[in-house]
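Structural overview for review
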Amino acid sequence: MFTWSSLLPTRRALIISHDTLMMMLALVAALYARVGGDAFGRYADALTLGLPLLALLSAFVFLAFGLHRGLWRYVSTAELVVIVKAVTVVVAAFLAAMFALTRLEILPRSVPFIHWFMALVLLGGPRLVYRMSRDRRRDRDMAPAAERICVLLVGAGDETAQFLHALATRPGAPWQVVGILDDKGRRTGQTILGQKVLGTLDEMDEVIARLRANNVVVRKLVLTRPGESGDRIRKLFDRADRLGLSLARLPPVTELREAENHPGQGLTLPSISVEDLLGRPHVSLDSTVLSQMISGQRVLVTGAGGTIGGELVRQIAALSPARLILVDHSEFNLYSIETELRAQAHLPLPASAWRGVLGDVRDGDAMMRLFEQERPDLVFHAAALKHLPIVESFPCQGALTNAVGTHHVAQAAAACGSKAMVLISTDKAVKPSSVMGATKRLAEMLCQARDAQSAPGSTRFLTVRFGNVLGSSGSVVPLFQRQLAQGQPLTVTHPEMRRYFMTVREAVELVLHASAFGSAQESVRGTVFVLDMGEPVRILDLARQMIRLANRQPDDPNAIIFTGTRPGEKLNEELFDPAESPRKVAEGLMAATPPLRPLNEMERLVSQIELAAHTGDDEMVRHLVFEALEGKQAQGAT
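Residues numbered from 1 in each chain as written. Predicted model: local features only at pLDDT ≥ 70, side-chain atom pairs only at ≥ 80, totals over all residues. Heavy atoms only, no water.

From N to C terminus, the protein includes 21 helices and 21 strands. Expressed as a percentage of the 638 residues in the protein, the buried residues total 49%. For the protein, contacts bridging at least 24 residues in sequence account for 77% of all contacts bridging at least 6. (Helix = DSSP H or I, 4+ residues; strand = E, 2+ residues; numbered from the N terminus. Buried < 20%, exposed > 50% of the residue type's maximum accessible area, 1.4 Å probe, protein only. Contact = heavy atoms within 4.5 Å.)

Time to look at the pattern of salt bridges. On inspection of all chains with the given rule, the structure shows 29 salt bridges. A salt bridge links Asp241 to Arg548; the nearest nitrogen and oxygen atoms lie 3.1 Å apart. Of the two residues, Asp241 is situated in helix α7 (residues 230–242) and Arg548 in helix α19 (residues 539–549); the sequence distance between them amounts to 307 residues. Owing to a relative accessible area of 16%, Arg548 belongs among the buried residues under this scheme. (Salt bridge = Lys/Arg side-chain N within 4 Å of Asp/Glu carboxyl O.)

Here we take up the sheet that holds strand β7 (residues 298–302). The strand order across the open sheet built from nine strands is β9-β8-β7-β10-β11-β12-β17-β21-β20, with neighbouring strands paired in mixed fashion. For this open sheet the edge positions go to β9 (354–358) and β20 (583–586), each flanked by a neighbour on one side alone. Sheet twist, expressed as the mean angle between neighbouring strand axes with direction ignored, is 25°. The pairing of β7 with strand β10 (residues 378–381) spans four bridges and is classified as parallel. Paired with Val299 across the bridge in β10 is Leu378. (Pairing = 2+ DSSP bridges. Axes fitted to C-alpha atoms, helices over the stretch in contact; angles between N-to-C directions.)

Here we come to α7. Along its 13 residues, α7 runs 18 Å from first to last C-alpha, staying within 8% of the 18 Å computed at 1.5 Å per residue. Listed as buried for α7 are Gly230, Ile233, Leu236, Phe237 and Ala240. What you see down the axis of α7 is that its buried residues fit within an arc of 125°, all on one side. For α7, exposure combined with an orientation more than 90 degrees from the buried face picks out Lys235 and Arg242. Buried residues in α7 make contact with β5 (218–223), β6 (246–249), α9 (274–278) and α19. Following α7 by one or two positions, Gly244 adopts a phi angle in the positive range, close to 80°. (Expected span 1.5 Å × (residues − 1). Arc of directions from axis to C-beta.)

Attention now goes to the nonpolar core. Core analysis: the largest hydrophobic core is formed by 53 residues, its most contacted members being Leu312, Leu324, Phe380, Phe466 and Leu531. The leading source of residues in this core is helix α18 (residues 504–519), at eight residues. Setting aside residues up to four positions removed in sequence, Leu531 forms contacts with Val464, Arg465, Phe466, Met502, Ala507, Leu510, Val511, Leu575, Gly588, Leu589 and Met590. If you look at the next biggest cluster of nonpolar residues, it comprises 31 residues, including Leu54, Ala86, Val111 and Leu123. (Core = buried A, V, L, I, M, F, W, Y, C linked by side-chain atoms within 4.5 Å.)

Quick look at the packing of aromatic side chains now. Enumeration over the complete set of coordinates arrives at three aromatic pairs. Ring centres of Phe163 and Trp175 lie 6.4 Å apart, and the angle between their planes is 45°; on these two criteria the pair is classed as tilted. Of this pair, Phe163 sits in helix α5 (residues 158–168) while Trp175 sits in strand β2 (residues 175–182); the two residues are 12 residues apart in sequence, bridging distant segments of the chain. An identical accessibility class is assigned to Phe163 and Trp175; each is buried. Here Phe517 and Phe529 contribute two aromatic rings whose centre-to-centre distance is 6.0 Å and whose plane-to-plane angle is 90°, an arrangement assigned as edge-to-face. Placement of the pair is Phe517 in helix α18 and Phe529 in strand β17 (residues 528–531), with a sequence separation of 12 residues. Using a relative accessible area of 0% as the deciding quantity, one classes Phe529 as buried. The ring of Phe461 is capped by Arg450, whose NZ or CZ atom sits 5.6 Å from the centre of that ring. (Phe/Tyr/Trp six-rings, centres within 6.5 Å; stacked < 30°, edge-to-face > 60°. Lys NZ or Arg CZ within 6 Å of the ring centre and 35° of its normal.)

It is the contact of helix α13 (residues 364–374) with helix α15 (residues 395–415), at a shortest axis distance of 9 Å, that shows an interaxial angle of 30°. One finds that α13 runs roughly parallel with respect to α15. For the pair α13 and α15, the sense of crossing is right-handed. Contacts between α13 and α15 pair Gly364, Met367, Met368 and Phe371 from the former with His408, Val409, Gln411, Ala412, Ala413 and Ala415 from the latter. (Parallel < 35°, antiparallel > 145°, perpendicular 65-115°, else oblique. Left-handed = near helix turned anticlockwise from the far one by under 90°.)

A few words on the pairing of strand β12 (residues 460–466). Summarising burial for β12: seven of the seven residues are buried, a large majority. Pairing of strand β11 (residues 420–426) with β12, which is carried by seven bridges, proceeds in the parallel orientation. Residue pairing in the sheet places Val422 in a bridge with Leu462 of β12. This β-α-β element, β11 to helix α16 (residues 435–453) to β12, shows right-handed connectivity. Pairing analysis gives three bridges linking β12 to β17, with the strands arranged parallel. Bridging from a neighbouring strand, Arg465 pairs with Val530 of β17. (Right-handed = clockwise from strand over helix to strand, strands pointing away.)

For the rest of this paragraph, the subject is the confidence of the model for the protein. Scored by pLDDT, the protein has a mean of 84; 89% of the residues are at 70 or more. Confidence over residues 142–146 falls short of pLDDT 50; this stretch has four contacts with residues more than four positions distant or in other chains. Note on residues 632–638: pLDDT under 50 across the span, and 11 contacts to partners over four residues away in sequence or across chains. (pLDDT = per-residue confidence, 0-100.)

On the surface, a nonpolar cluster with roughly 350 Å² of combined accessible area is contributed by Val84, Trp116, Phe117 and Val121. Considering each element in turn, the nonpolar patch owes the most residues, three residues, to helix α4 (residues 111–141). Mapped onto the elements of the fold, Val121 is located in helix α4. Looking at Val121, the relative accessible area reads 45%, which means it is partly exposed. (Patch = residues over 30% accessible without salt bridge, like charges linked within 9 Å, V, L, I, M, F, W, Y side chains within 5 Å. Areas by Shrake-Rupley, 256 points an atom, 1.4 Å probe, with all protein chains shown as cover.)

Rendered as structure tokens:
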């Protein structure tokens, strides 16, 4: 259907026509600047021949470079660089064509250089003028400063410039940057995209006081540098809290780039998380070691739907195993991790190369059948009952999963000739006072005995021990988060309770590195590997920090209540037993060799505990487990 609007030129045609016309005008101006009035007399033939040729070359090159795609209202350095490249190509092609046609006898040799410069001005100038006019209009339309949150940026680097540029395209953004603090102190007094560097980080108090004296009330401090360490963030968090400021960080670089390319897209300033406060400097690890261990191997993970097991699956799947078998006794957990794997289209692991298995490590026959069928090269045993109060109430179940289940998995791994089995253990296995810790220590002792007493070249049985994982199911951080969301006081068992913490990603990375290191070293048979957890954190301090993150007052008498320690719970967990002699073996990794027990003795103890557990005799199981740790001969053992 014909409409008058269909006759109107498209935006693409208008921009190409504009740019082509500017190139032609630049040639005329360049020639006039060089020869004056002779441009239209003596050199009229040069214009008659050159202008049509220049128009054709310009239209073709500008289309090829995509100058018509850029939005003038968001023109930036990137677009100007493209213009420079396109103009350079046009001028070079025009020069070559004119030389071929006329040997440049009808055009002064300096004109192409003047032409290049004038073309840049005539193509870039209108875009910049349009951008500036749109920015002024946007500034008029923006909400008054009083309605926006004033923020100070910490850091005067590339990330700061990128954020300011992305923010400039969003008139509706709820923040107003009022200055920059330079953490290195080299750029004080300078400006970045119109924002002044007001001082150093050490001068933050004075800078904020000066701003307040000018009726500028800063509400938020924004970290611009990625990868800040926990100690630095904690110090900044304390200073910001003392000054009544909240602490946030810039969005990831990928989000900032996306925001630059799509100006209508939203932009967020994520708040500092408890993981940021508790995090430690990142340990630099060699990814090629992991790739060599996993790539092309058949890998089986028990407890694959849990916190540690799930992260193991994610990281292993990204390392190109030949096959990945996910084992979990929970239907929902198995469904969740399978769904996640299916959604990860970028993984180098086709759907045909992995399999989910609903199975229980307590069923020895089922484990043996599965291992005989899949023949895994590597086994990561993360299946466990880990919630201390629940295992304390149900010792039989804890023993069957943590100790007997480990025995079944180890037997199956040895029978099918796996290269290595890795047991995921816990700091609660050190001098255990709970059934959960005691059963995990029995699992460690069983794997130690197998590893130390197996023949060289046979299956390795490695144990990796670490403390609490941030955000794992049933741990204190999700509990505190739920209580804060519901407006309830945080429940702390004891004011002096301390625990080790590590992010799940870091823990699993170090588990994989410990596995690669241990399996390659025959000399460390019988060793327990322990992740370097840093310093323990007082749970009361953690609770107070999380209350402050939620913009509440930790000094409120109803903010925290003490509930008393639970049965089997210790005030302080330890990573090593006094009988162990820890030594550093790699970055972020330590090792110790606890006293060894004969393998046949450990198997007899586990068999007796299994028999008692199947009868449901909780007290007998509790008695047998702790007697086994004390090195006493189990009564009735055969």
